[in-house]
Amino acid sequence: MRKLAILAIGIVCTVLFYFTIVSANKAFRSDWQLPRATGQEQAKYRLVLITRELETPFWVQVSGGAEEEARKRGASIEVWGSYGKNQEDFLKKIEIAIDAKVDGIIVQGLDTAEFKNLTKLKAAFYGIPVITVANDVPMADSLRRTYVGSDQYSAGRMIAEQLVSDMGPAGKVILMGDSLREYYQQQRLNGIYDVLNGYPDILVKYAETPEAKEQAIAATRDQLNGLPDANAFVAVNANIAGAMVQEIGRRSRVEPYHIYSFDDSHETGPLLLQGKLDGLIEQDPQEMGRLSVELMIKWLSGETVPLRTEGYLTDIRMAKAANAR
Amino acid sequence: MNSIQRKIWTLTAVVLFIMAGIWFALTSYNQKTQSQYNEILQRYLRMNEVTGASQQTVTALNNYLLSPTDDNLNLLERSKEKLRTARVDVLDLRNSGNEFALTNYMNLIDSLLETTDRSLLFQSEKESEDSAKAFSEANRISKYISEMTLTLLDTELRTYDRFYRSIIEQSAELKRLGIWLLLLITFLLLNFAYAFSLSITKPVQKLTQSARELSRGRFDLEIEVKSNDEISFLAKTFDRMRINVNNLISEIQQKAQLENELQQSKLLLQESQLRSLQSQINPHFLFNTLDMLSKKAYLEGSEETSDLLANVAGLLRYNLKRLDRPVTLYEEVKVLGQYIEIQENRFAERLRFRTDIDESCLYVQLPGLTLQPIIENAVIHAVEPREDGGTIRFAVADDGDRVEIGIEDDGPGMDEEKIRSILEEHPVKSEGHSTGIGFANVVRRLRLFYGLEDVIFIESGPGGGTKVRLKIPKAGRIAKDDQASDRG
């Protein structure tokens, strides 16, 4: 009996002692090291990639390519920008980048006076090189070092040629463009016109619309009313394509129309898969990001001086609905 | 010694030690946490300081541009200096998470300072439009700095998120630890206190039990307390006391017994004397008469009668004289001879008396009138009733440290019961005509005289005669008996 009691007391003691020790261990364990000041040398170059369309599939790929390349080359890069083409934020970010004296700015070109003012005057004043990516702004206006991205003119040509081969040499074509009339859009239109002007039987009508969905739908409706027997549509800006297809679909079946667009966006990819889009110009955003960083670093280190002012063009290709399916 | 005190001190020391340990652990833990909190707060404060300093700089610049006095310029310089200091401080905040942003941050501060200087330069060159432009840029940069501060704080929060959570977790764990610790200490102390109190009260209980036994008069139980403190000392002392008391009591008992025996022997002596006195009225007159008769018989030529009368007189004298003091065996044998002579005259051929005496043993002392009553008894039982008489053997022999005296007859003997009643000293109703002193009286006196029980043996069986053996110690009587007999 006495032995049993002693045994029980011993067991209780041991259990309590064990839990106390475990608890004390947890409470006093000091593994909460603060992220210490890294003594490592700073990255050689601090680059910023600035875009107006953060988190779109296209720009996610661009920044992915850029970050990978930067990591490879030991540079640090941050992706800044605004959402949904907010220009004010976008321009502010550029100004901050300039004021923060980054080593190089890779920026989505914006064909506005404020943008040009910033790159031409302020960036040049601080001696910060600017490379435009994906969307170009003429060298003369922006003092950019170079452009990395697709050749928008030949993209326009490519889409026009595809259109002609699909539709035949006669028909009515409606072109839908962004009312901002950016440089790259102009290039695309030039390409399209250059091809289609060679076919006198093709009637081309160009319409502009703000990018907002409701307005794009309204503009499409207007065009359909004005030209009910149109054969083909081309969305010069990818962001309009979705609204356009939706509006056409409300009127009749989409399939008889020849509908084309540039770039893949949230909407265009699935539309192509569904066969509602007949063709899509695909660019190579990852390569754009990669190449722009590579060129920037080469320029900064003086390896390639000067850069080609007309730009470094990346691949474009025609994705057809038939192939996609 | 001082053991109970030491026990109490030990308990107190253990409790104190535990408490000090806990206090120390908690204090050091608290300090550690506090310093970490301070460090974190410091980071936030430093970043905030930059914002404040940049805004102050812009305000000072604005004031100076509006009213370019020396005071305002001084103010501007001071705030610029402050901004520079803040910038240097911010440098310490660099870590892997915010390196890029922090570099930008510091460059922004540089830009702000440069723009401010530019604005001042234009102001001094009276190019107020450019100056205003630079000011608005400085203002913008200041705003960017504020925003960047927020971004940095945000990053900071994200970077330290795990850290903050671990702090919260640990404080929760600390609470749990407190509970466990409380349980453990409570349990340990309870057990410790129980064992401690038991170690004090158990010996006391035992002691109490022993004291109760003693008070009931049981002095033979040993008091045993197994502990190593004052109680054990107390118990030992108590035990010694018990032994002493026990000894004293047994001594007193012995003395009382002795006293009792003395009293008895005195009474017996008195009884013997009384008897002899009763039987012999005016003995001196009788002696003288007997002496005179003896002489007369001798003168008349009856020598045999004369001797007989002399023997009777001697015997009577001896009886009266020697009863209360020890005599030697020699005297006793002599008187026995006189007695036998008388009896031989009485029984003539019927009494056959044989002796076998070792002369060297006759010096031993024995109470007077011990042999005669036994012989008398033998004569009465073995000779008197039988027509052809009987034989009585009397032997004295050396038997080591004792002298053996044997009196043997060939009479009808006695049964067991009678022997026992004699040896147990029951007074036997005397049959016939003895000199007055009974067998039982002899047995009693012998035992008292020597202080021994085994001095007399009787062997008998019906028809087989009776043999009485006395074993007298050569050393004589023991001292206390001497004393007792002197008093009597």
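Everything numeric here is computed off the predicted structure, so don't read it as measured data.

## Some remarks on the overall build of chain B
And then number 1: What chain B contains, in helices and strands, is 13 helices and seven strands.
And then number 2: Here chain B, with 488 residues, has 25% of them falling under the buried criterion.

## As for the overall build of chain A
And then number 1: Helices and strands together make up the secondary structure of chain A, namely twelve helices and twelve strands.
And then number 2: Residues classed as buried in chain A amount to 43% of the 325 residues present.
And then number 3: Within chain A, counting contacts between residues at least 6 apart in sequence, those at least 24 apart form 76% of the total.

## Side note on the interface of chain B and chain A
And then number 1: Of the residues lining the interface, 31 residues belong to chain B; the matching set on chain A comes to 27 residues.
And then number 2: Contributing elements (two or more residues each) for the side of chain B that touches chain A: α3 (99-124), α4 (128-159) and α5 (161-215) of chain B.
And then number 3: With 15 residues, α5(B) is the single largest residue contributor to the side of chain B that touches chain A.
And then number 4: Classifying every residue of the side of chain B that touches chain A gives 15 nonpolar, eleven polar and five charged.

## Here's the deal with the environment of B:Thr328
Residues and elements named next belong to chain B.
And then number 1: By secondary structure assignment, the location of Thr328 is in strand β1 (residues 326-328).
And then number 2: Judged by the 14 C-beta atoms lying within 10 Å of it, Thr328 is partly exposed.
And then number 3: Counting along the chain gives 36 residues from Thr328 to Val364, while the straight-line C-alpha distance between them is 5.5 Å.
And then number 4: Residue contacts for Thr328: discarding those within four places in its chain leaves Leu362, Tyr363, Val364 and Gln365.

## Some details on the nonpolar core
And then number 1: Membership of the largest hydrophobic core comes to 64 residues, with the highest contact counts inside it found for A:Leu47, A:Ile50, A:Ala97, A:Ile105, A:Ile106 and B:Leu108.
And then number 2: Of the residues forming this core, the biggest block, eight residues, is contributed by α4(B).
And then number 3: Not counting residues up to four positions away in its chain, the partners in contact with B:Leu108 are A:Asp99, A:Ala100, B:Ile141, B:Tyr144, B:Ile145 and B:Met148.
And then number 4: Within the second largest apolar cluster, 37 residues are counted, among which are A:Ala160, A:Ala235, A:Ile240 and A:Ile281.

## Points about α3(B)
And then number 1: Counted at 1.5 Å a residue, the expected span for α3(B) with its 26 residues is 38 Å, and the 37 Å between its end C-alpha atoms agrees.
And then number 2: The set of residues buried in α3(B) consists of B:Asn104, B:Tyr105, B:Asn107, B:Leu108, B:Ile109, B:Ser111, B:Leu112, B:Thr115, B:Thr116, B:Ser119 and B:Leu120.
And then number 3: If you follow the buried residues of α3(B), they end up packed against α3 (87-99) of chain A together with α1 (3-66), α2 (70-91) and α4 of chain B.
And then number 4: Looking one or two places after α3(B), you find B:Lys126, whose phi comes out positive at around 65 degrees.

## Remarks on the sheet that holds strand β4 (residues 130-133) of chain A
All names here are of chain A.
And then number 1: Strand order in this open sheet of six strands is β2-β1-β3-β4-β5-β11, and the pairing throughout is parallel. Only two strands of the sheet have a single neighbouring strand rather than two, namely β2 (76-81) and β11 (312-314). Taking the axes of each pair of neighbouring strands and ignoring which way they run, one obtains an average angle of 20 degrees across the sheet.
And then number 2: Of the pairings in the sheet, the one linking strand β1 (residues 46-51) to strand β3 (residues 104-108) comprises four bridges and is parallel in character. Residue pairing for β3: Leu49 is matched across the bridge by Ile106.
And then number 3: Where α3 meets the sheet, it contacts β1, β2 and β3, and its direction lies at approximately 170 degrees from that of β1.

What counts and how
- Residues numbered from 1 in each chain as written.
- Chains lettered and ligands numbered in written order.
- Predicted model: local features only at pLDDT ≥ 70, side-chain atom pairs only at ≥ 80, totals over all residues.
- Helix = DSSP H or I, 4+ residues; strand = E, 2+ residues; numbered from the N terminus.
- Buried ≥ 20, exposed ≤ 12 C-beta atoms within 10 Å, placed from the backbone.
- Contact = placed C-beta atoms within 7 Å.
- Nonpolar A, V, L, I, M, F, W, Y, C, P; charged D, E, K, R; others polar.
- Core = buried A, V, L, I, M, F, W, Y, C linked by C-beta atoms within 7 Å.
- Expected span 1.5 Å × (residues − 1).
- Pairing = 2+ DSSP bridges.
- Axes fitted to C-alpha atoms, helices over the stretch in contact; angles between N-to-C directions.

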